Amino acid sequence: MSQGLDGPHPEARNIPEGRRSPEGIRLDPQNGADHERHRTVISALVQHEPGVLSKVSGLVSRRQFNIESLTVGSTTNPETARITLVIEESPPGIRQVETQLEKLLPVISVRELDDDAVRRELVVLKVHGEEPDKVHAITEMYSGTVLDAGPRTITVEITGDEQKIDDAIDAFAQFGIREIARTGQTALARGEMWTTDAEEERYERT
Amino acid sequence: MSDHVSTVHTDEQTTTTTEAQSDEGASPVTNGAEAVVAALKNAGVEHLFGVQGGAIMPVYDALHAKQEQLRHVTMAHEQGAAHAADAYGQLTGEPGVCMATSGPGATNLTTGLADADMDSDPVIALTGQVPTDLVGHDAFQETDTVGVTRPVTKANYFASDAETVGDMVGEAYTLAREGRPGPTLVDLPKDVTNGTTDSVPVSPTTPEYHDIPETAAASAVENAVRALSNARKPLILSGGGVIKGDASEELRAFAIEHRIPVVTTMPGIGSFPEDHELALEWAGMHGTGYANMAISHCDCLLAIGTRFDDRLTGGIETFAPEAEIIHVDIDASEISKNVHADYPLIGDASRVIEQLQAAMDEEPAADQWREQCQTWKEAYPMTYATPEDEPLKPQFVVEAMDELTPEDTIVTTGVGQHQMWAAQYWTYTEPNTWISSHGLGTMGYGLPAAIGAKVAAPDRDVVCFDGDGSLLMTIQELSVAVREGLDITVIVLNNEAVGMVRQWQDAFFDRRRMASEYQWVPDFATLAEAFGAKGFTVREYEAVPDTLEAARAYDGPSVVDAFIDPEENVYPMVASGGNNAEFALSEDQL
Ligand SMILES: Cc1ncc(C[n+]2csc(CCOP(=O)(O)OP(=O)(O)O)c2C)c(N)n1
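How each quantity is defined
Residues numbered from 1 in each chain as written. Chains lettered and ligands numbered in written order. Predicted model: local features only at pLDDT ≥ 70, side-chain atom pairs only at ≥ 80, totals over all residues. Heavy atoms only, no water. Core = buried A, V, L, I, M, F, W, Y, C linked by side-chain atoms within 4.5 Å. Buried < 20%, exposed > 50% of the residue type's maximum accessible area, 1.4 Å probe, protein only. Domains from an automatic or database assignment. Contact = heavy atoms within 4.5 Å. Phe/Tyr/Trp six-rings, centres within 6.5 Å; stacked < 30°, edge-to-face > 60°. Helix = DSSP H or I, 4+ residues; strand = E, 2+ residues; numbered from the N terminus. Lys NZ or Arg CZ within 6 Å of the ring centre and 35° of its normal. Near = heavy atom within 4 Å. Polar contact = N/O pair within 3.5 Å; in protein donor to acceptor, adjacent residues only side chain to side chain. Areas by Shrake-Rupley, 256 points an atom, 1.4 Å probe, with all protein chains shown as cover. Nonpolar A, V, L, I, M, F, W, Y, C, P; charged D, E, K, R; others polar. Axes fitted to C-alpha atoms, helices over the stretch in contact; angles between N-to-C directions. Parallel < 35°, antiparallel > 145°, perpendicular 65-115°, else oblique. Left-handed = near helix turned anticlockwise from the far one by under 90°.

## Considering the nonpolar core
Moving on, step 1. Judged by nonpolar contacts, the single largest core of 68 residues is most densely connected at Leu235, Leu301, Phe319, Phe465, Ile491 and Leu493 of chain B.
Moving on, step 2. Residues from two domains meet in this core; each of domain 2 (218-379) and domain 3 (394-571) of chain B gives at least three.
Moving on, step 3. With sequence-adjacent residues up to four places away left out, phenylalanine 319 of chain B is seen in contact with Arg20 of chain A together with Ile295, Leu301, Phe308, Leu312, Thr313, Ile325, Val339 and Asn580 of chain B.
Moving on, step 4. Cys98, Ala116, Ile488 and Phe524 of chain B belong to the second-largest nonpolar core, a separate cluster that totals 47 residues.

## Considering the packing of aromatic side chains
Moving on, step 1. Tallied over the full model, the rule gives twelve aromatic pairs over all chains.
Moving on, step 2. Ring geometry for tryptophan 369 of chain B against tryptophan 376 of chain B: centres 5.7 Å apart, planes inclined by 85°, an arrangement best described as edge-to-face. Each member of the pair, tryptophan 369 of chain B as well as tryptophan 376 of chain B, carries the same accessibility label: buried.
Moving on, step 3. Residues tryptophan 426 of chain B and phenylalanine 465 of chain B carry aromatic rings whose centres are separated by 5.9 Å and whose planes lie at 75° to one another, so their mutual orientation is edge-to-face. Placement of the pair is tryptophan 426 of chain B in the loop between helix 17 (417-425) and strand 14 (434-435) and phenylalanine 465 of chain B in strand 15 (residues 462-467), with a sequence separation of 39 residues.
Moving on, step 4. Since its relative accessible area comes to 3%, tryptophan 426 of chain B is described here as buried.
Moving on, step 5. Here phenylalanine 465 of chain B falls in the buried class, since its relative accessible area comes to 0%.
Moving on, step 6. Directly above the aromatic system of phenylalanine 583 of chain B lies the positively charged group of arginine 13 of chain A, at a separation of 3.9 Å from the ring centroid.
Moving on, step 7. A cation over an aromatic ring shows up here: arginine 539 of chain B above the ring of phenylalanine 563 of chain B, its NZ or CZ 4.0 Å from the ring centre.

## Here's the deal with the site of the ligand
All names here are of chain B.
Moving on, step 1. Taken together, 17 residues lie near the ligand, and Gln417, Gly441, Gly469, Ser470 and Gly499 sit nearest.
Moving on, step 2. At a separation of 2.8 Å, an oxygen atom of the ligand approaches a polar backbone atom of glutamine 417.
Moving on, step 3. For the ligand, a nitrogen atom lies 2.8 Å from a polar atom in the backbone of glycine 441.
Moving on, step 4. In isolation the ligand offers 580 Å² of accessible surface; the protein chains occlude 76% of this area.
Moving on, step 5. Taken together, the elements giving at least two residues each to the shell around the ligand come down to helix 17, helix 19 (468-474) and helix 21 (499-508).
Moving on, step 6. The element best represented in the shell around the ligand is helix 19, accounting for four residues.
Moving on, step 7. Looking at the shell around the ligand, its residues break down into seven nonpolar, nine polar and one charged.

## Observations concerning the packing of helix 2 (residues 32-42) of chain B against helix 7 (residues 162-177) of chain B
All names here are of chain B.
Moving on, step 1. At a closest axis distance of 8 Å, the pairing of helix 2 and helix 7 adopts a crossing angle of 20°. Accordingly, the angle class assigned to the pair helix 2 and helix 7 is roughly parallel. Seen from above, helix 2 lies across helix 7 with right-handed handedness. Across the interface between the two elements, Gly32, Ala35, Val36, Ala39 and Leu40 from helix 2 touch Ala162, Val165, Gly166, Val169 and Gly170 from helix 7.
Moving on, step 2. Its residues assigned to classes, the contact of helix 2 with helix 7 shows seven nonpolar, three polar and no charged.

Don't take any of this as a statement about function, it's just geometry.
This is the structure we're talking about:
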């Protein structure tokens, strides 16, 4: 049988007592950093080119980031597109999403949006049509629009922040929801602030 | 634009185009393939490694006229081409070029690209593709190469027209080497390479928003230096990025002037001379006991160019648990990815070390610590038993070859126990002397890497330590070494097993040796002869030095089949996900 090396046994060694968190942060009593996940919105300005969405989504899935929604659309500049990601991560995880995204070649600029950012989501949902009046009333309550109404189904559209959409879906549940299509959130920074750093210089007034 | 390209007045064209182009030596092009070759020539490429095939034929055809300047090494397998380009890229600092045809050629390259990606090695791959109008139709030898390689390349491109393909190759080349190096790929549909164009590629540029930081922010440097100066147990962790960033010299000067002990990562081997008294060699799963003790006990860790791989850190909770971490890296996304950085310094390794050097006027008061590190060196020496009546110990073979060869000898390896012995028992004193597959751990890496290394550095000795299992994965490349007349020495540490697996089975699977012992292995010496190389066999201690010397002296590729103790294991060992300070020195400590 092969032999090992000489030296003190692990138990005979002085082994430090410190620890790190799973994020590799030193745990010390004074700054016992606990990193809870929270939900946040990240906006990425990207080159509008084929494959960019798959590059971004591939990165997100490969790195196992917890992604809630991902939307993409054009901007004022035909050469760029905006990708909006809603993720649920700890602050170090959020920094990682940002820096990893920034590394992708077609990604121009990335920013985590402030809490006051303007965020919107659209849902199209189809309910059973037995109680059309009630459906209309609820739709109005949520400032929605009826897109299609037939004897058996009614399809409505609601726009709003995530909470409002969730509430609306709950409210429509009483009629029996047949199908739902949600877009996921899209967002812009509030007021005069540009959404990402690279926005202003690429702005084309339309 | 391409009306005149069919004219035969090539000489005239040469003059006009050369004048029009700022790039020296730019030659006229008539089609996409020539533009690709012109881009490579612009970039100063001298060697390419590849395998021919249908979809890449136009590019090879364009190479035909340029064989003098761009030497193509025909490999036996595309994986070999990628590994050869990888080693070549590491040694020259410029991207190694590999080429393959579409479909199976491209998929065969993929392992090599993934390997280069994990180790941040500069490589550019050019793959043929079926004509654009057949893409997506499951045409003969079609693979979605861009899709397949996306997760394992730094960037990849699908060429869509002959006009721009040259510039695309130039950009891919530049990207492969700039900042944190890595593999890039350009997929070349046959109609694009055959397509007419006269656009000569210009000097490549990369998008301005991807500017690479050179130096770290001054205030960040100041804070880091304060932390380091105040440390009582400072330690430097020198990673592969120090070698890639050409920062070994700066690192040595800094560590020696401030008398800070140095451990390296495995890819960082050679960045600091292992025979220096401050050297603790490499840390991690099979690193030295003293390196792992130092990592576990330090109070300030200056980590440079490392991604804190789990083979290095063991369990994160117990990694350098009492240390503030200063992390120098050119890639911002490495900061706090695995281990939180208290002081991130983003920038080029050599520039940032210069900044640290300039800002640091107080040496840490660390006499006691240095002494402690010496004590660990004495407590956990790297030794092995050599009873003469037992089969050869692999460590002895590694040490014997080290003694025979010059300091700047390049060692390449496969993956397994032999790789660890080659890393442990060879004394590395120079950067770019240790070329191995770290992040991906690719068996079969050693021989093609030795080929790439010898092409890159024909004047240096190249030794490949290989396992019998690893060598069998790419042994066909021996034909290339013979054909190209490459003077490399392959030493097979033959345990008739995939030894590393056998070691784990013994330790963690109750000795159930499932599929890890070979009932039979070929006679590697005879096999070498069949390939046209020189074969040697060695079984006894006394014969080792002479056999190794004969193999080294042989002018051409040689293979030494060294029959080693099949039961020999690699120690120290930190159990996967374990505590670095609890490394085992024998199986019963696991
Ligand atoms: C391509 C590939 N397949 C499988 C493995 C898993 N593996 C890791 S080490 C090892 C044993 C290698 O055996 P050998 O090359 O003979 O070297 P030894 O450990 O015996 O020195 C194996 C199978 C790997 N690293 N790479």
